[in-house]
Amino acid sequence: MGVEITIGVQHVARELVLETDQTSEKVVADVRTALESGAPLELTDTRGRRIVVPAASLGYVEIGGDEARKVGFHNL
């Protein structure tokens, strides 16, 4: 399972997009904690890379639903 997360950072034109093995509920909890405490939002993607964004710089966080990874080909 993986969750796709898109983070908009204030004053930065490009979004951060990552996929994590955490559940969407855990990501929402982490975002809320960062916003309430002012501590940086820290996430780890599926490749083990850590992403740290200052809470004050968060513009928005879009969290995709938990879904199984798709394998194979599909019709467009």
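You'll find the structure just up there.
Quick summary incoming for the structure in this document. (Residues numbered from 1 in each chain as written. Predicted model: local features only at pLDDT ≥ 70, side-chain atom pairs only at ≥ 80, totals over all residues. Heavy atoms only, no water.)

1. Here we look at the nonpolar core
Right, on to step 1. I5, I7, L18, L41 and L43 are the most contacted members of the largest nonpolar core, which has 14 residues in total.
Right, on to step 2. Secondary structure elements with two or more residues in this core: strand 1 (3-9), helix 1 (24-37), strand 3 (41-44) and strand 4 (50-53).
Right, on to step 3. A total of four residues in this core trace back to one element, the largest contributor, which is strand 1.
Right, on to step 4. Discounting residues that sit within four places of it in the chain, L43 has contacts with I5, I7, L18, Q22, V27, D30, R49, R50 and I51. (Core = buried A, V, L, I, M, F, W, Y, C linked by side-chain atoms within 4.5 Å. Buried < 20%, exposed > 50% of the residue type's maximum accessible area, 1.4 Å probe, protein only. Helix = DSSP H or I, 4+ residues; strand = E, 2+ residues; numbered from the N terminus. Contact = heavy atoms within 4.5 Å.)

2. Brief notes about the sheet that holds strand 5 (residues 58-63)
Right, on to step 1. Across the sheet, which stays open at both edges, the three strands sit in the order 2-1-5 with antiparallel pairing between neighbours. Both outer strands of the open sheet, strand 2 (16-20) and strand 5, are each paired with one neighbouring strand and no more. Sheet twist, expressed as the mean angle between neighbouring strand axes with direction ignored, is 20 degrees.
Right, on to step 2. The pairing of strand 1 with strand 2 spans five bridges and is antiparallel. Within the sheet, the bridge partner assigned to I5 lies in strand 2 and is L18.
Right, on to step 3. Against the sheet, helix 1 engages strand 1, strand 2 and strand 5, with an angle of about 165 degrees to strand 5. (Pairing = 2+ DSSP bridges. Axes fitted to C-alpha atoms, helices over the stretch in contact; angles between N-to-C directions.)

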